[in-house]
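Chain by chain, the residues:
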Amino acid sequence: MSKPCIYITRKIPGELLEPYKDTFEFHMWEKETEPVPHDVLLKEIAQADGLLCMLSDQIDEALLTEAPRLKIIANLAVGYDNIDLDAAKSRDIIVTNTPDVLTETTADLGFALLMATARRIVEASNYVQADQWENWAPYLLAGSDIHHKTIGIVGMGRIGEAIARRAKGFGMSVLYHNRSRKYEAEDELQATYVTMDHLLKEADFVISVVPLTSETNKMFDVGAFQKMKSTAIFINISRGATVDESALFEALQTKQIKAAGLDVFEKEPIRNDHPLMKLDNVICLPHIGSSSEETRTIMIKLCLENISAVMDGKQPKTQV
Ligand code: DGY
């Protein structure tokens, strides 16, 4: 009997596939930094029993129509807005993601981005690099304090809670907004549930950690930025489409808010002519929330375990 065929849409380390070499036939797009072309994916998906894909791959109905054998889509991310879940469900294709294993790493990045934005770390490094440091001065590259300020966490899931724990270590007051109250987090982290309007008005740092859904699409719009303090710093580590980017640009340019740190964008990758890149009160990162060597390896292993479970007719660990 032929081995089940697993298609992997980006080059991943061969040694991670080694334990499964006798069980599966792996086909892999051999480039690490370039996405698989659509025509190649279409050809490969036609014979694939399992798919290990990236958050940058659009797995839509048209693609799934060409995948008669597919049993599992293992997404290398906690977010799965790149996958048409209804189309997968109607074909009995299981979808899995990588929650939990990336929580702390992504929260680290979120907090690092918050700190870098508040304390103008990138700007300061560029200043030294550009040989502009002539003298010390009292307000040279003065930023905003982080400690004892108020953070407003929008989306109190696992990553939101991990951010709240970091914020407590800095003596911050934690406000949050979520679809449902998180009583345990309120007790453990002294986090206060507030309405979205209250959070936007009171927070010194507003951080978006919400999944992208039809309700959260463009939730940070003109009205939201107008409600924020003029000293507020906006951080986004969720999905770019939760933000109306032209409203954010306007809010930053007119100093309606002070600064922004962004790991995600509506259309990724962005180029350096993106309007937000022109502002010096913005830090832009290339969607690296969960990107530590340790965590990415654990995420890949989890995807492979999920694929293996489904091929064995078992329940995968982290089905969406
Ligand atoms: C994910 O995995 O969905 C996040 O964007 C972390 O980078």
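Everything quoted here is computed from the prediction, not taken from an experiment. (Residues numbered from 1 in each chain as written. Predicted model: local features only at pLDDT ≥ 70, side-chain atom pairs only at ≥ 80, totals over all residues. Heavy atoms only, no water.)

Chemist: Which residues make up the pattern of salt bridges, and what values go with them?
Modeler: Should the charged atoms of two oppositely charged side chains come close, the side chains can pair. As enumerated under the stated definition, the model contains 20 salt bridges in all. For Asp108, the salt bridge goes to Arg166, with nearest N and O atoms at 2.8 Å. One end of the pair, Asp108, is in helix 5 (residues 103-118); the other, Arg166, is in helix 7 (residues 158-169), with 58 residues separating them in the sequence. With relative accessibility at 44%, the residue Asp108 sits in the partly exposed group. One network of salt bridges, in which partners are shared, links Glu104, Asp108, Arg165, Arg166 and Glu188. (Salt bridge = Lys/Arg side-chain N within 4 Å of Asp/Glu carboxyl O. Helix = DSSP H or I, 4+ residues; strand = E, 2+ residues; numbered from the N terminus. Buried < 20%, exposed > 50% of the residue type's maximum accessible area, 1.4 Å probe, protein only.)

Chemist: Describe helix 11 (residues 245-253), naming the residues involved and giving the relevant values.
Modeler: Taken residue by residue, helix 11 has Glu245, Ala247, Leu248, Phe249, Ala251 and Leu252 as its buried positions. Buried residues in helix 11 make contact with helix 10 (222-227), strand 10 (233-236), strand 11 (259-262) and strand 12 (282-284). (Contact = heavy atoms within 4.5 Å.)

Chemist: Account for the packing of aromatic side chains, with residues named and values stated.
Modeler: Within the structure shown, the criterion is met by six aromatic pairs. Summarising the aromatic geometry, the rings of Phe225 and Phe234 are spaced 5.4 Å apart at their centres and angled 85° between planes, so their arrangement reads as edge-to-face. Each member of the pair, Phe225 as well as Phe234, is classed as buried. (Phe/Tyr/Trp six-rings, centres within 6.5 Å; stacked < 30°, edge-to-face > 60°.)

Chemist: I'd love a proper account of the domain arrangement of the protein, names of residues and values included.
Modeler: Looking at the assigned domains, one finds that the protein contains domain 1 (5-99 + 293-311) and domain 2 (103-284). Once you take the C-alpha centre of each, domain 1 and domain 2 turn out to be 31 Å apart. Contacts between domain 1 and domain 2 engage seven residues on the former and five residues on the latter. Its largest share of buried area at the contact with domain 2, domain 1 owes to Asp81, Pro99 and Thr295, together 67% of the area lost on that side. At the surface where domain 1 touches domain 2, the tally comes to one salt bridge. Notably, a salt bridge pairs Arg239 with Asp81, separated by 2.9 Å at the nearest N-O pair. (Domains from an automatic or database assignment. Buried area = accessible area lost by both parts, 1.4 Å probe.)

Chemist: Please set out the site of the ligand residue by residue, giving values where relevant.
Modeler: Residues in close proximity to the ligand include Ala77, Val78, Gly79, Leu102, Arg239, His287, Gly289 and Ser290, which together make up its full environment. Measuring from an oxygen atom of the ligand, one finds a backbone N or O atom of Val78 at 2.9 Å. Measuring from an oxygen atom of the ligand, one finds a side-chain N or O atom of His287 at 2.7 Å. In the complex, 97% of the free accessible area of the ligand, which totals 230 Å², lies under the protein chains. Counted by class, the shell around the ligand contains three nonpolar, four polar and one charged residues. (Near = heavy atom within 4 Å. Polar contact = N/O pair within 3.5 Å; in protein donor to acceptor, adjacent residues only side chain to side chain. Areas by Shrake-Rupley, 256 points an atom, 1.4 Å probe, with all protein chains shown as cover. Nonpolar A, V, L, I, M, F, W, Y, C, P; charged D, E, K, R; others polar.)

Chemist: Tell me about the sheet that holds strand 4 (residues 72-75), and name the residues and values.
Modeler: Whenever strands of a sheet pair, they do so through backbone hydrogen bonds, lying parallel or antiparallel. The parallel open sheet is built from five strands, whose spatial order is 2-1-3-4-5. Every interior strand has two partners, whereas the edge strands, strand 2 (25-28) and strand 5 (94-96), have only one. Strand-to-strand twist in this sheet, taken as the mean axis angle between neighbours without regard to direction, amounts to 15°. In the sheet, strand 3 (residues 50-53) pairs with strand 4 via four bridges, with the strands oriented parallel. Bridging across to strand 4, Gly50 finds its partner in Ile72. The strands touched by helix 2 (residues 38-45) are strand 1 (5-8), strand 2 and strand 3; relative to strand 1, the strand with the most contacts, the crossing angle is about 165°. Packing against the sheet, helix 12 (residues 293-311) makes contact with strand 1, strand 2, strand 3, strand 4 and strand 5, and its axis sits at approximately 165° to strand 4. (Pairing = 2+ DSSP bridges. Axes fitted to C-alpha atoms, helices over the stretch in contact; angles between N-to-C directions.)

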